[in-house]
Amino acid sequence: MTTNRSCPICGKGLLQRHKEVAFFTYKNESKSVNDHFSVCDSCGVEQADTGEMKLNKRSVIKAKKEVEGLLTGEEVLQMRKTLGVNQEDASKIFGGGPVAFSKYEKDDVMQSVAMDNIFRLAMDVPGAFEYLCKRSGVSVRKINVIWTARVSESGYVSFGSNDNSSNESAWEITHYENNLVLESH
Ligand SMILES: [Zn+2]
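None of these values were measured; they are calculated from a predicted model.

When you look at the sheet that holds strand S4 (residues 46–47) in this model, what are you seeing that I'm missing?
Strand pairing in a sheet takes place through backbone hydrogen bonds and is either antiparallel or parallel in direction. Across the sheet, which stays open at both edges, the four strands sit in the order S1-S2-S3-S4 with antiparallel pairing between neighbours. Each edge of the sheet is formed by a strand with only one pairing partner; in this case those strands are strand S1 (5–6) and S4. As paired strands, strand S3 (residues 29–40) and S4 are joined by two bridges and run antiparallel to one another. When the sheet's bridge partners are listed, Val-39 is paired in S4 with Glu-46. Helix H1 (residues 50–68) contacts strand S2 (14–26) and S3 of the sheet and is inclined by roughly 175 degrees relative to S3.

Printed below as a string of structure tokens:
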């Protein structure tokens, strides 16, 4: 973001960006949100451009999601990564249109309670995500790895911690048609 913006009010000064923590009350709950704005170094007028207003709106939507008990954008992103799908496939699997996940993850929009419930179902109920994939015709290679997958220089892939190889027995490998699912027990 450029900082070399002249003030549209006085035409003399330059606008300097600021970020403050503000409090936003929603349904009797007070949440801290980010307030982005610019101040003219000549006339001192505070103003927010479209980019700053967008950031403020996202911060408010994130706070509303928290009050409503919905997954935040960050949590939706984490869920999608855990399920191992890109944004495009995720919108085919869950619905909501081609740019739905970009909007959920940036906190541009709030997902419905119904959509939020489906996300949680896909995450928490074994087989639910595979069912949704099958219904939407999206073939997803899902690998649920709680521990890190390590790829050595020779290309050997190991799962789990280095210091305890016996943990390999704690993994169960299942094939769902073309999909490989690795689950801990
Ligand atoms: Zn000014």
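Sorry, what's going on with the nonpolar core here?
Across soluble globular proteins, nonpolar side chains show a tendency to be buried alongside one another. In terms of nonpolar packing, the biggest core is built from 15 residues, with Val-85, Ala-90 and Ile-93 touching the most fellow members. Residue assignment for this core shows that the elements contributing at least two residues are helix H2 (73–83), helix H3 (87–94), helix H4 (100–105), helix H5 (113–124) and helix H6 (128–136). Here this core takes three residues from H3, the largest share from any one element. Ignoring anything within four residues of it in the chain, the contact list for Ala-90 reads Arg-80, Val-85 and Phe-101.

Explain the confidence of the model for the chain here, please?
The predicted coordinates should not be examined in detail at positions where pLDDT is low. When the pLDDT values of the chain are averaged, the result is 82; 74% of them are 70 or greater. In this model residues 142–148 is a low-confidence stretch, pLDDT under 50, and it forms 17 contacts with partners more than four residues away in sequence or in other chains. Taken as a whole, residues 160–181 scores under 50 in pLDDT and shows 29 contacts with residues more than four places along the chain or in a different chain.

Would you mind going over H2 with me for this structure?
Spacing of three or four residues puts side chains on the same side of an α-helix, whose turn is 3.6 residues. Here H2 has its buried residues at Gly-73, Val-76, Arg-80 and Leu-83. When H2 is viewed along its axis, its buried side chains cluster within an angular range of 90 degrees and face the same direction. Buried positions along H2 lie against H1, H3, H4, H5 and H6. Downstream of H2 by one or two residues, Gly-84 has phi in the positive range, about 75 degrees.

Cut-off values and rules
Residues numbered from 1 in each chain as written. Predicted model: local features only at pLDDT ≥ 70, side-chain atom pairs only at ≥ 80, totals over all residues. Pairing = 2+ DSSP bridges. Helix = DSSP H or I, 4+ residues; strand = E, 2+ residues; numbered from the N terminus. Contact = placed C-beta atoms within 7 Å. Axes fitted to C-alpha atoms, helices over the stretch in contact; angles between N-to-C directions. Core = buried A, V, L, I, M, F, W, Y, C linked by C-beta atoms within 7 Å. Buried ≥ 20, exposed ≤ 12 C-beta atoms within 10 Å, placed from the backbone. pLDDT = per-residue confidence, 0-100. Arc of directions from axis to C-beta.

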